[in-house]
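What follows is each chain in one-letter form.
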Amino acid sequence: MRRAFCLSDQPERSTLFAITMRMTRLLTKTTKNVPAEADSANAKYLLQGGFVRQEAAGIYSWLPLGLRVLRHVENIIREEMDALGGQEILMPGLQPKEPWQITGRWETVDVLFKVPSQTGKEYALGPTHEEIVTPLVGSFIRSYNDLPVAVYQIQSKYRDELRAKSGVLRGREFGMKDLYSFHKTQEDLEQFYQKALAAYLTVFKRCGLDAKVTEASGGSFTKKFSHEFQVVTPAGEDLIFACPSCTFAQNSEIATVTEGEACPSCGSNVELVKGIEAGNIFDLGSKFSEVFNVEFTDEDGERKTVLMGCYGIGVTRLVGTIVEALHDESGIMWPKSVAPYQVHLVSLMGKDDATRERVMDASESLYSDLTSEGITVLWDDRPDVSPGAKFADADLLGMPLRLVISEKSLKEDSVEWKLRSSKEAKLVPVADALEDVKSFIAEN
Ligand SMILES: [Zn+2]
């Protein structure tokens, strides 16, 4: 039976469009060519899979499949920042020069993009937002009753890098989540800081990553502190001493332990590994609030300077980090939580029209069942592509579950079931396929 044959043939049904995609309709195509500029796994696979397009060094367009991953990552971050009490705002990328002159960073930040206007004024393309957020939040703070408060945004940032490299790990334009917190006491700041640290670990875990927390340079030697979140992978740029058994880690620049020594937390032997910095958090103290005179009246009627913390995660960088940490020689292995689609349905058409029609009917039926349960499906319905090429694309694109409908599987009234993370395929009866997929998606 041809159920819901025209689901994605009806452009006005946009909610259905959002959860399914036929590869015959997909804007992008995969390519076997490794782009010359692909110097890392994330650059290679994201470009080959058509997740992103490089417009210039360090500048990317996000295409349908890549944007779905990015949105999933952003939503995980948004949920955790909301749970932390953060209020989402959106500040401008194009920033006035004056606050940058007030902090002195117009001259000292070497990666600052400076944009002249025909009016004679100059602007900055923001690499960060302390110059905007400090006076912004400050304008609403009167007394201790207004504190603590935290705001965040997910937005494009700009850095005038001399050399952009490593795919989406280090771009000239990149997506960032930056949260800023405002407090009346150091104690309150430190409490929030620890909660933010825990929320960050949750974000990385939900993205399928094992992140270590390291104290960043200067951290333990000053009153101020800062931490980096390092995802352990051979592609990392930073050397860290990490414990394989617990979360203990130190950046090699400031380490107090060395390779082979006992972990101060659990006693296991510390290893020297490479990590990708996926996030960082800072105790800013009164550095920016003093400059912008952000004060409040405390319980005794005394005027005091607000204390600040800032907390960043590079969201486009995080997509690249996921690829670096979760891939094999054939392509990407997206975790379910961020995959563009949960299921990659592959139809192998067979040689004659009758087989082809049976395969298409069975595929459409399953596609419709999955869709009606809200399961997201990328359907390889391409008529003229060989099985080998379809499987290679499925591995490259990296959906967590591949279902194949072919003449062979239909002889057994079955669907071939294969996880991206496994080499083994098995047959599942067509009648059980929907329930099995639902269970798979519900698993953690
Ligand atoms: Zn340990």
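Below, the structure is looked at part by part. Quick caveat: nothing in here was measured; it's all calculated off a predicted structure.

1. Overview of the overall build of the protein chain
Then, in step 1: Secondary structure summary: the protein chain contains 13 helices and 24 strands in total.
Then, in step 2: With the principal axes as the frame, the protein chain shows a C-alpha extent of 85 × 60 × 45 Å.
Then, in step 3: Considering only contacts in the protein chain between residues 6 or more positions apart, those separated by 24 or more positions represent 67%.
Then, in step 4: When the accessible surface of the protein chain is summed, it comes to about 20,500 Å², and 50% of that surface belongs to carbon and sulfur atoms.
Then, in step 5: Each charge class in the protein chain was averaged separately, 50 positive and 65 negative side chains, and the resulting centres sit 4 Å apart.

2. Looking at the packing of aromatic side chains
Then, in step 1: If you walk through the whole model with that rule in mind, you get eight aromatic pairs.
Then, in step 2: With a centroid separation of 5.0 Å and 45° between ring planes, the pair formed by Y200 and F229 is classed as tilted. Residue Y200 is found in helix 7 (residues 186–206), and its partner F229 is found in strand 11 (residues 226–232); the two are separated by 29 residues along the sequence.
Then, in step 3: Taking the centre distance of 5.7 Å and the plane angle of 40° together, the rings of F204 and F229 count as tilted. Taken as a pair, F204 in helix 7 and F229 in strand 11 lie far apart in primary sequence, 25 residues in all.
Then, in step 4: Given a relative accessible area of 0%, F204 falls into the buried group.
Then, in step 5: Through successive ring pairs, a cluster of aromatic residues spans F192, Y193 and Y311.
Then, in step 6: The ring centre of Y341 lies 4.0 Å from the NZ or CZ of R68, which sits over that ring.
Then, in step 7: Here the basic side chain of K336 rests over the ring of F440, its NZ or CZ set 4.4 Å away from the ring centre.

3. Observations concerning the coordination of the zinc ion
Then, in step 1: Note on the zinc ion: its protein donors are C243 (SG), C246 (SG), C263 (SG) and C266 (SG). The metal-donor distances range over 2.2 to 2.4 Å.
Then, in step 2: With four donor atoms in place around the zinc ion and angles of 98 to 121° between them, the coordination shape is tetrahedral.
Then, in step 3: Spacing between the donor residues of the zinc ion along their common chain follows C-x2-C-x16-C-x2-C.
Then, in step 4: By relative accessible area, C266 is classed as partly exposed at 40%.

4. Observations concerning helix 2 (residues 41–48)
Then, in step 1: A large share of helix 2 lies buried, amounting to seven of its eight residues.
Then, in step 2: All buried positions along helix 2 are accounted for by A41, N42, A43, Y45, L46, L47 and Q48.
Then, in step 3: Each element contacted by the buried residues of helix 2 is listed here: strand 2 (52–56), strand 3 (59–62), helix 9 (315–325), strand 18 (327–328), strand 19 (331–332) and helix 11 (387–397).

Cut-offs applied
- Residues numbered from 1 in each chain as written.
- Predicted model: local features only at pLDDT ≥ 70, side-chain atom pairs only at ≥ 80, totals over all residues.
- Heavy atoms only, no water.
- Helix = DSSP H or I, 4+ residues; strand = E, 2+ residues; numbered from the N terminus.
- Contact = heavy atoms within 4.5 Å.
- Areas by Shrake-Rupley, 256 points an atom, 1.4 Å probe, with all protein chains shown as cover.
- Lys, Arg positive; Asp, Glu negative; His and termini not counted.
- Charge placed at Lys NZ, Arg CZ, Asp CG, Glu CD.
- Phe/Tyr/Trp six-rings, centres within 6.5 Å; stacked < 30°, edge-to-face > 60°.
- Buried < 20%, exposed > 50% of the residue type's maximum accessible area, 1.4 Å probe, protein only.
- Lys NZ or Arg CZ within 6 Å of the ring centre and 35° of its normal.
- Donors = N, O, S within 2.8 Å, 3.2 Å for Na, K, Ca; no water.
- Tetrahedral: all angles 85-135°; square planar, octahedral: opposite > 155°, others 65-115°.

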